[in-house]
Amino acid sequence: MPRTLNVLPPEKGVCLITLQRPEALNALSTELLGELAQALETAEREPEVRVVVLTGSRKAFAAGADLKEMAERDLIGTLEDPRVRHWQRIAGFSKPLIAAVNGFALGGGCELAMHADILIAGRDARFGQPEIDLGIIPGAGGTQRLLRAVGKSQAMQMVLTGEAIDARQAQRVGLVSEITQPELTVERALEIGRLIAAKAPLAVRLAKEVLLKAQDVDLASGLNIERQAFVMLAGTADRNEGLRAFQEKRPPRFVGR
Ligand code: HXC
């Protein structure tokens, strides 16, 4: 049983994981990151989990790396930090991951939210990379994912000043796709999760994979990857079912093959 997370069994294909270290505003301790990576790997293996929603508390999605732990690590400790491996495992999750963010998403908390494929934020959410105030820089992908998400000027401003942005600004710059009342953030994320969970699983999986590639490769290579995935799906039972259901004017029954 994880101590720093609550993992609910999937409902309608959607599993809800809640970070639970209220005494430290969900600061990302090694234990928490390890438990989260483990929970996602379990979700990866379970066919009944189609989508994961990740959330924190109303006050904090996560207030960053655990600064008390960090203070005990010197250069070698940082070089050999086991959390690096946990971050890689989290980044490798192949099913759709939706972050439902309320309150603080700072430092590693903002970086964790950016590991999600879709971000939904409560009106009171605050996103920031305050590492510069500690004499360090983001270390879990913040410099790379933030720039790709919001563009150079906004990313530079956030990382160099350490100042957080509110939910409205986060939506304006494309970091989050929707803003809700804080009490509805998780429900809205679950609702989006259920919509995705009802789609053809192979198409969802390839769509995520191909979209993420768009951040890394040039246009010609990206179009090539898209084409290959598109052709691959033409051989699936679900594609035939989708087209047949359209002609027969009925909802499709996808089976994941
Ligand atoms: C450990 C933390 C913490 C953190 C908060 N707490 N953030 N503990 N690591 N990152 C603890 C506090 O020490 C306190 O416990 C309790 O949570 C409540 O926090 P308060 O500060 O009393 O709450 P509040 O006044 O409401 O202020 C909230 C806050 C502030 C603005 C979010 O806590 C804050 O600035 N936290 C640090 C944010 C930060 O710098 N994050 C980036 C970390 S660097 P006690 O027991 O003391 O009362 C990073 C790098 C990532 O993330 C690199 C990845 C590899």
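Placed above this text is the structure.
Residues numbered from 1 in each chain as written. Predicted model: local features only at pLDDT ≥ 70, side-chain atom pairs only at ≥ 80, totals over all residues. Heavy atoms only, no water.

Caption draft 1: Quick peek at the site of the ligand. With respect to spatial proximity, 22 residues lie near the ligand, and among them K59, A63, A65, L67 and G108 are the closest. Residue L67 places a main-chain N or O atom 2.9 Å away from a nitrogen atom belonging to the ligand. The protein chains hide 64% of the 1,000 Å² of surface that the ligand would expose on its own. Looking at the shell around the ligand, the elements with two or more residues in it are α2 (67-70), β6 (104-106) and α5 (108-115). Here the shell around the ligand gets three residues from one element, more than from any other, and that element is α2. (Near = heavy atom within 4 Å. Polar contact = N/O pair within 3.5 Å; in protein donor to acceptor, adjacent residues only side chain to side chain. Areas by Shrake-Rupley, 256 points an atom, 1.4 Å probe, with all protein chains shown as cover. Helix = DSSP H or I, 4+ residues; strand = E, 2+ residues; numbered from the N terminus.)

Caption draft 2: Spatial organisation of the nonpolar core. With 46 residues, the main nonpolar core has F127 and L175 as its most contacted residues. Counting residues per element, this core draws most heavily on helix α1 (residues 30-45), at seven residues. Among the nonpolar cores identified, the runner-up in size contains 13 residues, and V14, A189, L190 and I192 belong to it. (Core = buried A, V, L, I, M, F, W, Y, C linked by side-chain atoms within 4.5 Å. Buried < 20%, exposed > 50% of the residue type's maximum accessible area, 1.4 Å probe, protein only.)

Caption draft 3: Highlighting helix α4 (residues 83-91). Looking at α4, one finds that the buried residues are R83, H86, W87, R89 and I90. Angular distribution of buried residues about the axis of α4 spans 160°; they occupy a single face of the element. Each element contacted by the buried residues of α4 is listed here: α1, α2 and α5. (Arc of directions from axis to C-beta. Contact = heavy atoms within 4.5 Å.)

Caption draft 4: How the structure looks around the sheet that holds strand β4 (residues 60-62). Strand order in the open sheet formed by four strands is β4-β6-β8-β9, and the pairing between neighbours is mixed. The open sheet is flanked by β4 and β9 (165-166), the only strands paired with a single partner. As judged from the two bridges shared by β4 and β6, these two strands associate in the parallel manner. In the strand pairing of β6, A60 is matched with F104. Across the sheet, α5 touches β4, β6 and β8 (126-128), and the angle it forms with β6 is around 95°. (Pairing = 2+ DSSP bridges. Axes fitted to C-alpha atoms, helices over the stretch in contact; angles between N-to-C directions.)

Any functional reading would require information beyond the geometric quantities listed.
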